[in-house]
Amino acid sequence: MVKVGLNRVLEPAGVLPQAAWRLDARAEIAADEVRIGLQRLNLDAASFRQLSVKHGGDGAAVRAEVLDIIGTRGKMQNPVTGSGGMLIGVVEQVGPDSPLPVKPGDRVATLVSLTLTPLAVTDSLEGWDGLSEQVPARGHAILFGRSVVAVLPDDLPAELALAVFDVCGAPALTDRVVRGYDRPTVAVLGGAGKSGSLALAAARRAGARTAGIVVSATERDALTEAGLADVVAVADARDPVAVSGAVAEALGGPATVTVVCVDVPGCEHGAILATAERGTVIFFSMATSFPAAALGAEGLAADVTMLIGNGYVPGHAAFAIDLVRSVPAVRGLFESRIAGH
């Protein structure tokens, strides 16, 4: 059996690395491990938002807390949101039993969460102002035999590739689900964001009529200009009645598939209410509450399938990169987001 990092768990004993409180981030690797020299971390959107709000936008305080989390836990796992992010770096050493398709010198992106990745930082994150999700960093990270990793494409800037890989599970799963319906309609909550724009592009490619639901006029204008959705509407994703009304007006009724890409809590009920009977809700936000979703669907007598996007679908990285290459509007939204930070 390929090792899954149990040798790196310091406490509590017997759990997998993602569930562990603390990991061993030593640089020496086991036979099936790979060590990566850090270049940049990409914090999960929900985690970064929580830290930024907690510290009132004080970048120095955000940086200090991220350093403390990594130093204390041996990984980047926000104790409030439970989420982490991913990273890019250069492969330094590959164990003789590693099944990962990389070699020393490859510049790679990890496609597994920082919540399960042993991580050590050596530069105090001095090149980061604490005001954006992307974090220049030096140090190392460890991948296990059952990790997922991708070599960075040569034709895309590293910052762009990192942002795409961070959410590459969303479009691939959206494509799979949408293709299971005849003449589907798709609503994407948070359609102007990273995962949202990719999900819209994937849904359209799969033949769906699409609606992007956004929180502000600014996002509405940006998404309308990009042309990724057939209809764009403004509604607070935390307001179930407003969301269901906006979706119904945009699509002429509830959506066959609703995709939640909003990084704030409280969006479960609106997504369920906006979805047709026998439809599917896909939750891609790390702010999603399972009890709120399950009990909300029960309380609304909603016969819908609910999926938690786990960030992995075979071929997901290549699928997302192809969307960025072939749909200029998607690339434009990503580049605007990166430039805005």
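In this report, we go over the structure that sits alongside the text. In every chain, residue numbers begin from 1 and rise along the written sequence. Reporting in this predicted model follows two pLDDT cut-offs: at least 70 for local features of residues, and 80 or more for side-chain atom pairs to be given and counted; totals over whole chains, interfaces and linings ignore these cut-offs and use all residues. With hydrogens and water set aside, each side-chain value is computed from the structure's full complement of heavy atoms.

**Some points on a nonpolar patch on the surface**
A contiguous nonpolar surface patch, about 260 Å² in accessible area, is contributed by Val 241, Leu 273 and Leu 300. Following the sequence through the fold, Leu 273 ends up in helix 8 (residues 268-273). Residues forming no salt bridge and having over 30% relative accessible area are the ones grouped into patches, like charges within 9 Å of each other and nonpolar side chains (Val, Leu, Ile, Met, Phe, Trp, Tyr) within 5 Å. For every accessible area listed, the method is Shrake-Rupley and the probe measures 1.4 Å; residues are considered covered only by the protein chains on display. When a carboxyl oxygen of Asp or Glu is within 4 Å of a side-chain nitrogen of Lys or Arg, the pair counts as a salt bridge. Here a strand is any run of E in DSSP of at least two residues, a helix any run of H or I of at least four, and the numbering for each starts at the N terminus.

**Quick look at the packing of helix 3 (residues 158-166) against helix 11 (residues 328-340)**
Between helix 3 and helix 11, the least distance of the axes is 10 Å, while the angle of their chain directions is 110 degrees. Here helix 3 lies roughly perpendicular to helix 11, going by the angle between them. Counted together, Glu 159, Leu 160, Ala 163 and Val 164 of helix 3 and Arg 331, Phe 334, Glu 335 and Ile 338 of helix 11 form the full contact between these two elements. For the contact of helix 3 with helix 11, the residue count by class is five nonpolar, no polar and three charged. Axis definition: a line fitted to C-alpha atoms, limited for helices to the stretch in contact. Angles are taken between N-to-C directions and run from 0 to 180 degrees. The cut-offs work like this: below 35 degrees is roughly parallel, past 145 is roughly antiparallel, 65 to 115 is roughly perpendicular, and the gaps in between are oblique. The contact definition used throughout considers only heavy atoms, calling two residues in contact when any of these lie within 4.5 Å. Each residue receives one of three labels: charged for Asp, Glu, Lys and Arg, nonpolar for Ala, Val, Leu, Ile, Met, Phe, Trp, Tyr, Cys and Pro, and polar for the others, Gly being one of them.

**Brief notes about the environment of Val 232**
Checked against the element boundaries, Val 232 lands in strand 12 (residues 231-234). Sequence separation of Val 232 and Ala 211 is 21 residues, and the distance between their C-alpha atoms is 5.6 Å. Those residues in contact with Val 232 that sit more than four places away from it in its chain are Gly 212, Val 214, Arg 220, Leu 223 and Thr 224.

**As for the pairing of strand 13 (residues 255-260)**
Accessibility here uses a 1.4 Å probe with only protein chains present; expressed as a share of the type maximum, an area under 20% marks a residue as buried, one over 50% as exposed, and anything in between as partly exposed. Most of strand 13 is tucked away, with six of its six residues classed as buried. Bridging between strand 13 and strand 14 (residues 275-283) involves five bridges; their strand directions are parallel. Residue pairing for strand 14: Val 259 is matched across the bridge by Ile 282. Note on handedness: a clockwise path from strand one over the helix to strand two, with the strands aimed away from the viewer, defines a right-handed crossover. Tracing the backbone out of strand 13, into helix 8 and back to the parallel element strand 14 gives a crossover that is right-handed. Pairing between strands is defined by DSSP: at least two bridges between the two strands are required.

**Overview of the nonpolar core**
The nonpolar core is taken to be a set of buried Ala, Val, Leu, Ile, Met, Phe, Trp, Tyr and Cys residues, with the residues joined through side-chain atoms within 4.5 Å. In this structure, Phe 165 and Val 259 are the most contacted members of the largest nonpolar core, which totals 53 residues. Sorting the residues of this core by element identifies strand 4 (85-94), helix 3, helix 4 (169-178), strand 10 (185-189), helix 5 (194-205), strand 13, helix 10 (316-326) and helix 11 as the ones contributing at least two each. Considering every element that reaches this core, the biggest residue donor is helix 3, with seven residues. Setting aside anything within four residues of it in sequence, one finds Phe 165 in contact with Met 86, Ala 109, Leu 111, Ala 150, Leu 152, Pro 153, Ala 317 and Ile 321.

**Describing empty space enclosed by the protein**
The pocket and cavity definitions rest on a 1 Å grid over protein atoms only: a 1.4 Å probe that fits but cannot leave marks a cavity, an open set with protein on both sides within 12 Å along at least five of seven lines marks a pocket, and residues lining either have an atom within 4 Å of a point. Grid points are joined across faces, edges and corners, and a volume is the space filled by probe spheres set on the points. This model, assessed by the stated rule, comprises one cavity of 30 Å³ or more. Approximately 40 Å³ is the volume attributed to the largest cavity. Every residue along the wall of the largest cavity is listed here: Val 260, Val 262, Val 264, Pro 265, Gly 266, Cys 267, Glu 268, Phe 283, Ser 285, Ala 287 and Thr 288. Considered class by class, the residues forming the lining of the largest cavity number seven nonpolar, three polar and one charged.

What is shown is where atoms sit, not what they do.
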